[in-house]
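Observations on the model geometry
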Amino acid sequence: LEPAARPPTPPAQPKLRRDYVASSPQAARERQQRRSDGEFAACLDADALDVAALRRLAWNGIPNKRRRAQVWRCLLRCEASKRAERREHAAARRAAFHEAVAAALLDVPASERDPGDAQMLRQILVDAPRTCPGSPLFAHDRVQALVVNVLYVWAVKHPASGYVQGMNDLLAVFLVVLVDEVSEGDHVDVATLSDDVLDDVAADAYGLLNGVLESLDDHYVHRQPGLQRTIEEVDGLLRRVDADLHKHLDEVGVLLLQVTFRWINCLLVRELPMRCAIRLWDTCLAEERGFRTFFPYVCAAFLCHFSDALKAKPTEDVHLFLTSLPTSNWADDEVETLLSEAYILSTLFRSAPAHLQHEPDGITPCGGFL
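What counts and how
Residues numbered from 1 in each chain as written. Predicted model: local features only at pLDDT ≥ 70, side-chain atom pairs only at ≥ 80, totals over all residues. Heavy atoms only, no water. Core = buried A, V, L, I, M, F, W, Y, C linked by side-chain atoms within 4.5 Å. Buried < 20%, exposed > 50% of the residue type's maximum accessible area, 1.4 Å probe, protein only. Contact = heavy atoms within 4.5 Å. 1 Å grid on protein atoms, 1.4 Å probe; cavity = no way out; pocket = protein on both sides within 12 Å on 5 of 7 lines; lining within 4 Å. Points joined across faces, edges and corners; volume = space filled by probe spheres on them. Helix = DSSP H or I, 4+ residues; strand = E, 2+ residues; numbered from the N terminus. Nonpolar A, V, L, I, M, F, W, Y, C, P; charged D, E, K, R; others polar.

Thoughts on the nonpolar core
W72, L280, W281, F295 and L303 are the most contacted members of the largest nonpolar core, which totals 116 residues. Apart from residues lying up to four places away in sequence, W72 is in contact with I62, V173, F174, V177, L208, I278, W281, D282 and L285.

Concerning the layout of surface pockets
Its volume calculated, the largest pocket comes out at about 590 Å³. Q33, N60, I62, P63 and D332 are, among the 19 residues lining the largest pocket, the residues nearest its centre. Secondary-structure elements contributing two or more residues to the lining of the largest pocket are α1 (18–45), α2 (51–59), α3 (65–75), α13 (274–286) and α18 (332–349). Looking at the lining of the largest pocket element by element, the count peaks at 5 residues for α1. Among the residues making up the lining of the largest pocket, the classes are represented as 4 nonpolar, 5 polar and 10 charged. In this structure, the second largest pocket is lined by 15 residues; those nearest its centre are S135, P136, L137, V176 and V188. Here the lining of the second largest pocket gets 3 residues from one element, more than from any other, and that element is helix α6 (residues 136–139). Within the lining of the second largest pocket, the residues separate by chemical class into 9 nonpolar, 2 polar and 4 charged.

Observations regarding unusual backbone geometry
A positive phi is found at R77, a non-glycine position, where the angle reads about 60°. On the secondary structure map, R77 appears in the loop between α3 and α4 (86–106). A relative accessible area of 54% means that R77 is categorised as exposed. Unusually for a residue other than glycine, L268 sits at a positive phi of about 65°. Within the secondary structure, L268 sits in the loop between α12 (256–265) and α13.

Shown next, in the form of structure tokens:
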């Protein structure tokens, strides 16, 4: 008798490495970031910068923190669009800043300083050590001196607004990004940076700060009409997309002015961890005049994000919750969700701003909320 035929052997199944399976989502994200960084490099290295293409890339975030500063300089037009002209343009821009520092601070004896400028300088000297409390970077004397120089020069050159508290928070974001660009490794040691490097950081920070503040020129002048307009836009959005939350805040006596003034004045820097604020700014800077046109949708989405928690709280807890929002553990995923929700709102309402119009609630300037 012939032996019975054996059943065919099934094909061997490929073995999946446990470490690969466990890390595959992260590995996929890292591969995407490398591809994205390559696209940024190609865009920035072109003979002539395609700003529209750079905006499209930056909208989804800038994966390489050492490339971010250059991208932001290009988006804010602090860097020449032609690659061959960038070095000369940067040298001239930095020299102009250092001359302005000398003219405003070094060449003016304290006894001859304008009283208004002297008062402004005193306020900046008070605010500089308060910038990003707990951060080793901003605890360093050299960085605090840099903060004073940048803010005071900007204020003197823009007398219509001068220095407004909260500008130091905006400057802090730029300084973190710029120091990332010139630092080696993940840990920043200011002591290892030369004076020349920090001088360049200061000049670049001034240019970036100026780029943002010029797009918000009516946010910081007398009566702050631009800031009031943005608050009204956020109020109109909330009425349309979360009427229950709007009603709840009204019933517990919370004015939207109280909630959003600091958000808009400081562009959410005080409400988010620094890395989250930086990621948020990637997108806002990628939008044309994004802190004016897109940021109201971000604020509305940010408030709606906490809608359920706010509506469940009694009156006495709402104010406390809003002054200390639970964002300390936020990371990129939360910011991506926030930006997605803001984008949806912008697509719904940006082309029909009349839908947001309503009778204003008697908004008045309120610098005291900082």
